[in-house]
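Summary of structural features
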Amino acid sequence: MARKKRNVTEAPTTVLEEESSIPIISSTVEEDLDIKLLRERLAEISQAEGVTGYIIRNATSAAIDLNDTSNLVGFALLSSHAADAYQEFSAMFNLGEVGHTLLEGQTAKVLCLTIGENTVSVFMEKTIDHMKILERLLG
Amino acid sequence: MTTGAQAFAVETTLNEIKKVSPDVLTTFLFEQNGEITAKDNETDSSAASQAGKVFTDLVEKADAIGGLESATFLGSRRRMSISRIDDSFLATVASTESDEKYTGILTRVLVSTILRFTDNLSFNKEQEPTSQLTEPELTTNTAKDNEETSRNQIETSESAEPEPDAEQSEPELEYQPSPAEPPATQFIIEHLGGLLVQPDTVRLGNEVIRQWKDLYGEKEITEVDVETLNGQTTRCKFKPIKDSKLEGKGIIQMPQKIQLTLQTSNGELVMVKPVVD
């Protein structure tokens, strides 16, 4: 299936419309060097075998690049809830500053982490070594 | 669905895991609906309960990856791991310095083994006639004392009637945790000395005494049977440990006289069972 890449830069705020078949992705800020570099790394990682795509978002923009375009909202919601869950668990159990979150399902897994102002989720097959992906992401 | 006996067994296991692995700070088991079924003694109930709900919400959003089997939340100070065990989830919070594989394997293997073992015991109990599961002398001896054992006796006499299934199965006496058979708890001996020490009395953690009270209700428990790993046993009185710092450490404070009787010493392991009249 062809990978679907979306990057919208018009709307002033980030909105995720669950009812729509196409997730709304928006950006208002000029991409600085950091985010450019991060996106380059993500683009490179997403080409690796077994990596099925990524979502990157910050307060004002988001980009999704996923092989499976049939459930973009599902992936986006999971990514968002993983970050929220981390915040709640951190407050309850004093986990400290965010490192990364790994969610493993029956068919795939997702690595979520915060880099600067950006929250990144990389989706991959279960057999992929997520630590290598993490190393490549953090440079 | 976790039963009361399973919860008790898992809680004991979780407490033991924390003793052998001090880097493990919090452990609890919860159902798919977020309900907490077991936790170690030091875990805050409200935090565990809230965490169960948060994770349940996350599970509902995980269809995109084929449902959620496990999750790891790594922070700068601590790591929280949650993994599915059958229909439940086991959560562990440990220091980031701890060995993730070791603590993960230790907790998952022990808890899933205990769950399956207790599941199996419950299944056997349902399958086999009560008369084969309970030693007759225990029920007849205690029948006068209270309602609960009276009920056991009635069940025993009812099941004594011939049943088609009972004839087919081989009669065998299997271990069943029941009120008639007190649970044994493992402790490490700490020497108890001093002028005012009663030589025939050991001191135990309050949480164990509370568990016995929960288990046996109004039955008065004044003595315990102590058994060493070599099989030496003695019966003695017990009191709660005075030093609150020793609570939950799995320690039994034992006077010299009892140590000599049991041919054991400071730092050795013993099994302790309440004597239920």
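Residues numbered from 1 in each chain as written. Chains lettered and ligands numbered in written order. Predicted model: local features only at pLDDT ≥ 70, side-chain atom pairs only at ≥ 80, totals over all residues. Heavy atoms only, no water.

**Structural notes on helix 3 (residues 130-138) of chain A**
Residue and element names in this part refer to chain A. The condition is simple: Exposure is judged per residue with a 1.4 Å probe applied to protein chains only, and the accessible area is read against the type maximum: over 50% gives exposed, under 20% gives buried, and values in between give partly exposed. Put simply, DSSP marks the helices as runs of H or I at least four residues long and the strands as runs of E at least two long, and each gets a number from the N terminus on. The arc in question is traced by the directions running from the helix axis to the C-beta atoms. N or O atoms within 3.5 Å of each other form a polar contact, as long as, within protein, one can give a hydrogen and the other can take it, and as long as residues adjacent in sequence are counted only when both atoms are side-chain atoms.
By the burial criterion, the buried members of helix 3 are His-130, Ile-133, Leu-134 and Leu-137. Summarising the axial view, the buried residues of helix 3 lie within an arc of 100 degrees, below the 170-degree limit, and thus occupy one face. The exposed residues of helix 3 that point more than 90 degrees off its buried face are Lys-132 and Glu-135. Of the residues that open helix 3, the one with a side-chain oxygen 3.0 Å from the backbone nitrogen of Met-131 is Asp-129.

**Remarks on the interface of chain B and chain A**
By a frequent convention, interface size equals the accessible area lost on bringing the separate parts together. Note the threshold: The contact rule is simple, with two residues in contact once any of their heavy atoms fall within 4.5 Å. Each of two parts loses accessible area, computed with a 1.4 Å probe, when they are put together; buried area is these two losses added. Strand pairing is assigned whenever DSSP detects at least two bridges linking the two strands.
Each partner contributes residues to the interface: chain B has 29 residues there, and chain A has 30 residues. Approximately 2,500 Å² of surface area, both sides summed, lies buried where chain B meets chain A, with 68% of it carried by carbon and sulfur atoms. It is Lys-61, Ile-65 and Phe-73 of chain B in chain B that bury the most area against chain A; as a group they hold 25% of the surface buried on that side. At the boundary of chain B with chain A, the tally comes to 16 residue pairs in polar contact (both at pLDDT 80 or more). Elements with a minimum of two residues in the side of chain B that touches chain A: strand 1 (24-31), helix 2 (45-60), strand 3 (68-75) and strand 4 (78-85) of chain B. Among the elements that take part in the side of chain B that touches chain A, strand 3 of chain B stands out by supplying 8 residues, more than any other. Pairing analysis gives 7 bridges linking strand 4 (residues 98-105) of chain A to strand 3 of chain B, with the strands arranged antiparallel. Residue pairing in the sheet places Glu-104 of chain A in a bridge with Ser-70 of chain B of strand 3 of chain B.

**Some points on the nonpolar core**
Selection criterion: To define a nonpolar core, start from buried Ala, Val, Leu, Ile, Met, Phe, Trp, Tyr and Cys residues and group those joined through side-chain atoms within 4.5 Å.
Ranked by size, the top nonpolar core spans 38 residues in total, and within it Phe-89 and Leu-103 of chain A together with Phe-55, Phe-73 and Met-80 of chain B carry the most contacts. Residue assignment for this core shows that the elements contributing at least two residues are strand 3 (62-66), helix 2 (72-93) and strand 5 (108-115) of chain A together with strand 1, helix 2, strand 3, strand 4 and strand 5 (88-95) of chain B. Among the elements that take part in this core, helix 2 of chain A stands out by supplying 9 residues, more than any other. Core analysis: the second largest hydrophobic core is formed by 19 residues, Val-208, Tyr-216, Cys-236 and Val-270 of chain B among them.

**Overview of the packing of helix 2 of chain A against helix 2 of chain B**
To keep things clear, this is the line we draw: Only the contacting stretch of a helix is used when fitting its axis, a line to C-alpha atoms as for every element, and angles between N-to-C directions run 0 to 180 degrees. Our angle categories are set so that under 35 degrees counts as roughly parallel, over 145 as roughly antiparallel, 65 to 115 as roughly perpendicular, and the remainder as oblique. Polarity classes work like this: nonpolar for Ala, Val, Leu, Ile, Met, Phe, Trp, Tyr, Cys and Pro, charged for Asp, Glu, Lys and Arg, and polar for all others, with Gly in that last group.
Between helix 2 of chain A and helix 2 of chain B, whose axes approach to 10 Å, the crossing angle comes to 175 degrees. Considering their axes alone, helix 2 of chain A and helix 2 of chain B lie roughly antiparallel with respect to each other. Every residue of helix 2 of chain B that contacts helix 2 of chain A at Leu-78, His-81, Ala-82, Ala-85, Glu-88, Phe-89, Met-92 and Phe-93 of chain A is listed here: Ala-47, Ala-48, Gln-50, Ala-51, Val-54, Phe-55 and Leu-58 of chain B. Looking at the contact of helix 2 of chain A with helix 2 of chain B, its residues break down into 12 nonpolar, 2 polar and 1 charged.

**So, the confidence of the model for chain A**
For clarity, the cut-off: Every residue carries a pLDDT, the predictor's confidence in it, which falls somewhere between 0 and 100.
Residues with a pLDDT of 70 or more make up 76% of chain A, whose mean pLDDT is 80. Counted against residues more than four places away or in other chains, residues 8-30 of chain A, with its pLDDT under 50, gives 39 contacts.

**Observations regarding a negative patch on the surface**
Short version of the rule: A patch consists of residues exposed above 30% relative accessible area that lack any salt bridge, with like charges linked at up to 9 Å and nonpolar side chains (Val, Leu, Ile, Met, Phe, Trp, Tyr) linked at up to 5 Å. Reported accessibility uses the Shrake-Rupley method at a 1.4 Å probe radius. Residues are deemed covered only where the shown protein chains occlude them. Salt bridge, as applied in this entry: a Lys or Arg side-chain nitrogen positioned within 4 Å of an Asp or Glu carboxyl oxygen. We score Asp and Glu as negative and Lys and Arg as positive, and we do not count His or the chain ends. Note that the charge is assigned to NZ on lysines, CZ on arginines, CG on aspartates and CD on glutamates.
On the surface, Asp-84 and Glu-88 of chain A together with Asp-57 and Glu-60 of chain B cluster together into a negatively charged patch. Residue assignment for the negative patch shows that the elements contributing at least two residues are helix 2 of chain A together with helix 2 of chain B. Exposure remark for Glu-88 of chain A: the relative accessible area of 34% places this residue in the partly exposed category.

**What to know about the packing of aromatic side chains**
The condition that has to hold: Think of it this way: a Phe, Tyr or Trp ring, Trp meaning its six-membered ring, pairs with another when their centres are within 6.5 Å, and the plane angle makes it stacked under 30 degrees, edge-to-face over 60, tilted otherwise.
Counted by the stated rule, this structure contains 9 aromatic pairs over all chains. A centroid spacing of 5.1 Å and a plane angle of 70 degrees characterise the contact between Phe-55 of chain B and Phe-89 of chain B, whose relative ring orientation is edge-to-face. Separated by 34 residues along the polypeptide, Phe-55 of chain B in helix 2 and Phe-89 of chain B in strand 5 bring together distant segments of the chain. In terms of burial, Phe-55 of chain B and Phe-89 of chain B fall into one category: buried. Through a chain of ring-to-ring contacts, three or more aromatic side chains come together here, namely Phe-93 of chain A together with Phe-28, Phe-30, Phe-55 and Phe-89 of chain B.

**Some points on helix 2 of chain B**
Counted only if it meets this: Each helix should span, by expectation, one fewer than its residue count multiplied by 1.5 Å.
Here helix 2 of chain B is 16 residues long and its end C-alpha atoms lie 23 Å apart, about the 22 Å a rise of 1.5 Å per residue gives. Listing the buried residues of helix 2 of chain B in full gives Ala-47, Ala-48, Ala-51, Gly-52, Val-54, Phe-55, Thr-56, Leu-58 and Val-59 of chain B.

**Topic: a nonpolar patch on the surface**
Nonpolar side chains collect at one region of the surface, where Ile-188, Leu-229 and Leu-269 of chain B lie side by side and expose about 250 Å² of accessible area between them. With respect to the helices, strands and loops of the structure, Leu-229 of chain B is situated in the loop between strand 8 (223-228) and strand 9 (233-240).

**Remarks on the pattern of salt bridges**
Residues and elements named next belong to chain B. The full count for this structure, using the stated rule, is 8 salt bridges over all chains. One salt bridge in this structure joins Lys-19 and Glu-16, with 3.1 Å as the shortest N-O distance. Here Glu-16 and Lys-19 lie together in helix 1 (residues 4-20), a separation of 3 residues that amounts to about one turn. Note on Lys-19: relative accessible area 33%, which makes it partly exposed.

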